Amino acid sequence: MDVGCANGATGALLKQQGLCSHVTGIEPFAPHIPLAQAQLDQVYHANIEDVLPKLSAQTFDCILCLDVLEHLVDPWAVWQRLPALLKPGGIVICSIPNVQHYSVSLPLVLFGQWRYTTAGLLDSSHLRFFTKEGVQTLLRSNALKEEIIQAHWSSGPAPTVIVTGK
């Protein structure tokens, strides 16, 4: 399952490379839906919060949350519900922008500047901002076990986190 699948390119690539045979996408923005539907097996045009009650337990081997948790009103509630959707041995892969990155913190400290942008770390559609501690608190709030954090929180704009079932 690809939460926030946009046009479905990630899922399509995974299928093309033989890494999975079925991809379910969830995407709230209407302009992305036609292309996502053309590339993925199933696409929900909705917010993840609205789709979660419709999904069956132990359905997915892998759930992707790539640059999506920071856009949610309550990422903690969504995070609590994801483990039930995983098959035994399943994993969640997520990337979460790092508000501690120097490109955000230096202008803030040196010049008092916090300027929203159309994309990136200060994307104007972000509802939440995470530091390493904040992400770890979120990740540890459900039944999954944090396995890997790639990228350095002080220098990397968007670490990738892989979590697995206990």
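How each quantity is defined
- Residues numbered from 1 in each chain as written.
- Predicted model: local features only at pLDDT ≥ 70, side-chain atom pairs only at ≥ 80, totals over all residues.
- Heavy atoms only, no water.
- Helix = DSSP H or I, 4+ residues; strand = E, 2+ residues; numbered from the N terminus.
- Buried < 20%, exposed > 50% of the residue type's maximum accessible area, 1.4 Å probe, protein only.
- Contact = heavy atoms within 4.5 Å.
- Areas by Shrake-Rupley, 256 points an atom, 1.4 Å probe, with all protein chains shown as cover.
- 1 Å grid on protein atoms, 1.4 Å probe; cavity = no way out; pocket = protein on both sides within 12 Å on 5 of 7 lines; lining within 4 Å.
- Points joined across faces, edges and corners; volume = space filled by probe spheres on them.
- Nonpolar A, V, L, I, M, F, W, Y, C, P; charged D, E, K, R; others polar.
- Core = buried A, V, L, I, M, F, W, Y, C linked by side-chain atoms within 4.5 Å.
- Pairing = 2+ DSSP bridges.
- Right-handed = clockwise from strand over helix to strand, strands pointing away.

*Asks:* Which residues make up the overall build of the chain, and what values do they have?
*Replies:* Looking only at helices and strands, the chain has 6 helices and 7 strands in total. Tracing the chain from N to C terminus, the helices and strands come up as β-α-β-α-β-α-β-α-β-α-α-β-β. Expressed as a percentage of the 166 residues in the chain, the buried residues total 39%. Long-range pairs, those at least 24 residues apart, make up 60% of the contacts in the chain with a sequence separation of at least 6. With the model as given, the accessible surface of the chain reaches about 8900 Å², and the carbon-plus-sulfur share is 55%.

*Asks:* Go over empty space enclosed by the protein with me, naming the residues and quoting the values.
*Replies:* Counted by the stated rule, this structure contains 1 cavity of 30 Å³ or more. Computed from the structure, the largest cavity encloses a volume of approximately 30 Å³. For the largest cavity, the full set of lining residues is Glu 70, Pro 97, Asn 98, Val 99, Leu 121, His 126, Arg 128, Phe 129 and Phe 130. Residue composition of the lining of the largest cavity, grouped by class: 5 nonpolar, 2 polar and 2 charged.

*Asks:* Residue-level account of the nonpolar core, with values.
*Replies:* Judged by nonpolar contacts, the single largest core of 28 residues is most densely connected at Met 1, Ile 63, Cys 65, Trp 79 and Leu 82. Elements that contribute at least two residues to this core include exactly helix 3 (48-51), strand 4 (60-66), helix 4 (75-81), strand 5 (86-95) and helix 6 (132-139). Ignoring any residue separated from it by four or fewer positions in sequence, one finds Cys 65 in contact with Val 3, Leu 82, Val 92, Ile 93, Cys 94 and Ser 95. Core analysis: the second largest hydrophobic core is formed by 6 residues, Cys 5, Ala 36, Leu 40 and Val 43 among them.

*Asks:* With reference to specific residues and values, describe the layout of surface pockets.
*Replies:* Estimates place the volume of the largest pocket at around 490 Å³. If you trace the largest pocket, you find 23 residues lining it, with Val 3, Gly 4, Glu 27, Asp 67 and Val 68 closest to the centre. When residues of the lining of the largest pocket are traced back to their parent elements, those giving at least two are strand 1 (2-3), strand 2 (24-27) and helix 3. Taken as a whole, the second largest pocket spans an internal volume of roughly 340 Å³. As for the second largest pocket, its lining consists of 15 residues, and the residues nearest its centre are Met 1, Cys 20, His 22, Asp 61 and Cys 62. For the lining of the second largest pocket, the element with the highest residue contribution is strand 4, accounting for 4 residues. In terms of residue class, the lining of the second largest pocket is built from 8 nonpolar, 4 polar and 3 charged.

*Asks:* Residue-level account of the pairing of strand 2, with values.
*Replies:* Taking every second residue as pointing to the same face, both faces of strand 2 are buried, with Thr 24 and Ile 26 on one and Gly 25 and Glu 27 on the other. Both strand 1 and strand 2 contribute to a ladder of 2 bridges, which runs parallel. In the strand pairing of strand 2, Val 3 is matched with Ile 26. Tracing the backbone out of strand 1, into helix 1 (residues 9-16) and back to the parallel element strand 2 gives a crossover that is right-handed.

*Asks:* How would you summarise unusual backbone geometry if you had to cite specific residues and measurements?
*Replies:* Phi is positive for Ala 6, which is not a glycine, with a value near 55°. The topology assignment puts Ala 6 in the loop between strand 1 and helix 1. Non-glycine residue Gln 58 carries a positive phi angle of around 50°.

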